[in-house]
Amino acid sequence: MLQPPPIVLSFAANDPSGGAGIQADILTIASMGCHSLPIITAITVQDTAGVEDMMALDPEWVADQARTVLEDMPVHVFKIGLLGSVEIIAAIAEVVSDYPDIPVVLDPVLASGRGDDLVSEEMLQAMRELLLPQVTILTPNSIEVRRLAQDDEEDDDDQHLLDLNYCAQKLIQLGCENVLITGTHENTSQVINTLFNSGGIVRLDKWERLVHSYHGSGCTLASAIAASIANGLSVEEGVYEAQDYTWHALKAGFRPGMGQYLPDRFFWANDSDEDADGNKDNHNK
């Protein structure tokens, strides 16, 4: 009898455009050889341009979805995306606390690519207090990490918040083991992604900056990290493999609508990027 693939349980919102949210998680996790358990946290009205509306589910429904499959199948990694409400944050925190040996990957979805705000200050505080102490790796972009690290005594232009190392260490002090800050929003010629733990910088990777903007890139990266860890890689190894996967998915991206491009999570099924020997180029500098 064949062994089943590693299993990743993902908490995320439904995205009818298929670009982000639970759809992005399912596609990425499957593409990387794992089985996805999709737990819906919210229903959104959105397209490739932005989020028009969102309806959070009853937190008991979210918890019951997760607990039912957790009692049936062995889960290797939790991946958490858009949360929907303070009550859902509390429900998810309670579920994952019952499985302390399962790694947790948290993608703090705070706004859409267009800038639509998806969290309240109360939700941010609940994330800091209830989820971050249980997180194995947090995957914010530079905007998200500054917002998460900001406290009541700091304003948006506080000089401390310009220092990404300061922001990462502040979140690590709240209990998060690792923080991967992505640099897409920084004014740099290359995209610089930096992995931190309590000892400082673990790895720094530079990637060619692509010309388009993408819907679902953060979901793809976090899910790819979750799948890599589920496949047996360490956090540091998994972070590199996930970045490489995500960069190629973005490079092969397509624009089906009038908004952002979508990553092609099954880019490897198209051999157009392969050289004559069948090897894919490594674009990490």
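Structural notes, computed from the coordinates. In this numbering scheme, every chain counts its residues from 1 along its sequence in written order. Given that this is a predicted model, residues contribute local features only at a pLDDT of at least 70 and side-chain atom pairs are listed and counted only at 80 or more, while totals for whole chains, interfaces and linings are drawn from all residues. Each side-chain value is worked out from all heavy atoms of the structure, with water and hydrogens disregarded.

**Quick word on the pattern of salt bridges**
Part 1 of the reasoning: By salt bridge we mean one thing: a side-chain nitrogen of Lys or Arg within 4 Å of a carboxyl oxygen of Asp or Glu. Tallied over the entire structure, the rule returns seven salt bridges.
Part 2 of the reasoning: Ionic pairing is found between Lys79 and Asp25, a salt bridge with its closest N-O pair at 3.0 Å. Of this pair, Lys79 sits in strand E4 (residues 77-80) while Asp25 sits in helix H1 (residues 21-31); the two residues are 54 residues apart in sequence, bridging distant segments of the chain.
Part 3 of the reasoning: Exposure is judged per residue with a 1.4 Å probe applied to protein chains only, and the accessible area is read against the type maximum: over 50% gives exposed, under 20% gives buried, and values in between give partly exposed. Under the relative-accessibility criterion, Asp25 is labelled buried at 0%.
Part 4 of the reasoning: Several salt bridges converge on common partners, so that one network encompasses Asp117, Glu121 and Arg147. Secondary structure elements follow DSSP: runs of H or I no shorter than four residues count as helices, runs of E no shorter than two count as strands, and numbering proceeds from the N terminus.

**Regarding the side chain of Thr220**
Part 1 of the reasoning: Secondary-structure assignment places Thr220 in helix H7 (residues 217-230).
Part 2 of the reasoning: Note on Thr220: relative accessible area 0%, which makes it buried.

**A few points about the side chain of Ser31**
Part 1 of the reasoning: The residue Ser31 is located in helix H1 in this model.
Part 2 of the reasoning: Overall, Ser31 belongs to the buried group, its relative accessible area being 12%.
Part 3 of the reasoning: Residue contacts for Ser31: discarding those within four places in its chain leaves Tyr245, Arg265, Phe266 and Trp268. Whether two residues are in contact is decided by their heavy atoms: any pair within 4.5 Å suffices.

**Considerations on the environment of Pro16**
Part 1 of the reasoning: The residue Pro16 is located in the loop between strand E1 (7-14) and H1 in this model.
Part 2 of the reasoning: Note: C-alpha distance between Pro16 and Ile181 (165 residues apart in sequence) is 27 Å.
Part 3 of the reasoning: Look past the residues within four positions of Pro16 in its chain and what remains in contact with it is Thr44 and Gln46.

**Details of the packing of helix H2 (residues 59-70) against helix H3 (residues 86-97)**
Part 1 of the reasoning: An axis is simply a line fitted to the C-alpha atoms; with a helix, the fit covers only the stretch in contact. Between two such axes, the angle follows the N-to-C directions and lies from 0 to 180 degrees. It is at 8 Å that the axes of H2 and H3 come closest, and there the two elements cross at 20°. Taken together, the axis directions place H2 and H3 in an arrangement best described as roughly parallel. Crossing geometry of H2 relative to H3 is assigned as right-handed. Residues Pro59, Val62, Ala63, Ala66, Arg67 and Leu70 of H2 form the contact with H3, whose own contacting residues are Glu87, Ile88, Ala91, Ile92, Glu94 and Val95.
Part 2 of the reasoning: Only Asp, Glu, Lys and Arg are considered charged in this grouping, and only Ala, Val, Leu, Ile, Met, Phe, Trp, Tyr, Cys and Pro are considered nonpolar; every other residue, Gly among them, is considered polar. Residues that form the contact of H2 with H3 fall into these classes: nine nonpolar, no polar and three charged. Roughly parallel here means an angle under 35 degrees, roughly antiparallel means over 145, roughly perpendicular means 65 to 115, and every remaining angle is called oblique. Should the near helix be turned anticlockwise from the far one by less than a right angle, the crossing is left-handed, and should it be turned clockwise, the crossing is right-handed.

**Regarding the pairing of strand E3 (residues 51-56)**
Part 1 of the reasoning: By the convention used here, strands pair only if DSSP detects at least 2 bridges between them. Note that strand E2 (residues 35-46) and E3 share five bridges and pair antiparallel. Residue pairing for E3: Ile43 is matched across the bridge by Met55.

**Describing the state of the cysteines**
Part 1 of the reasoning: Cysteine sulfur pairs qualify as disulfides if the two atoms are within 2.5 Å. If you walk through the whole model with that rule in mind, you get zero disulfides.
Part 2 of the reasoning: No disulfide involves Cys34; its sulfur sits 17 Å from the nearest other cysteine sulfur, which is in Cys219.
Part 3 of the reasoning: Since its relative accessible area comes to 7%, Cys34 is described here as buried.

**A closer look at a nonpolar patch on the surface**
Part 1 of the reasoning: Exposure above 30% relative accessible area and no salt bridge define the residues that can form patches, which grow by joining like charges within 9 Å and nonpolar side chains of Val, Leu, Ile, Met, Phe, Trp and Tyr within 5 Å. For the area figures, the Shrake-Rupley method with a 1.4 Å probe applies, and any residue is considered shielded solely by the protein chains shown. Together, Leu27, Phe266 and Trp268 give the surface a local cluster of nonpolar side chains, amounting to about 260 Å² of exposed area.
Part 2 of the reasoning: Positionally, Trp268 belongs in the segment after helix H8 (235-251).
Part 3 of the reasoning: Using a relative accessible area of 41% as the deciding quantity, one classes Trp268 as partly exposed.

**Here we look at the pairing of E2**
Part 1 of the reasoning: The pairing of E1 with E2 spans seven bridges and is parallel. Paired with Ile7 across the two strands is His35, which belongs to E2.
Part 2 of the reasoning: Linking E2 to E3, which pair antiparallel, is a turn of four residues.

**Things to note about the packing of helix H5 (residues 142-149) against helix H6 (residues 164-173)**
Part 1 of the reasoning: The N-to-C vectors of H5 and H6 enclose an angle of 55°; their axes lie 9 Å apart at closest approach. The angle between H5 and H6 falls in the class oblique. In terms of crossing hand, the pair formed by H5 and H6 is left-handed. Residues Ser142, Val145, Arg146, Leu148 and Ala149 of H5 form the contact with H6, whose participating residues are Leu164, Cys167, Lys170 and Leu171.
Part 2 of the reasoning: Classifying every residue of the contact of H5 with H6 by side-chain character gives six nonpolar, one polar and two charged.

By themselves, these observations are geometric and do not establish any function.
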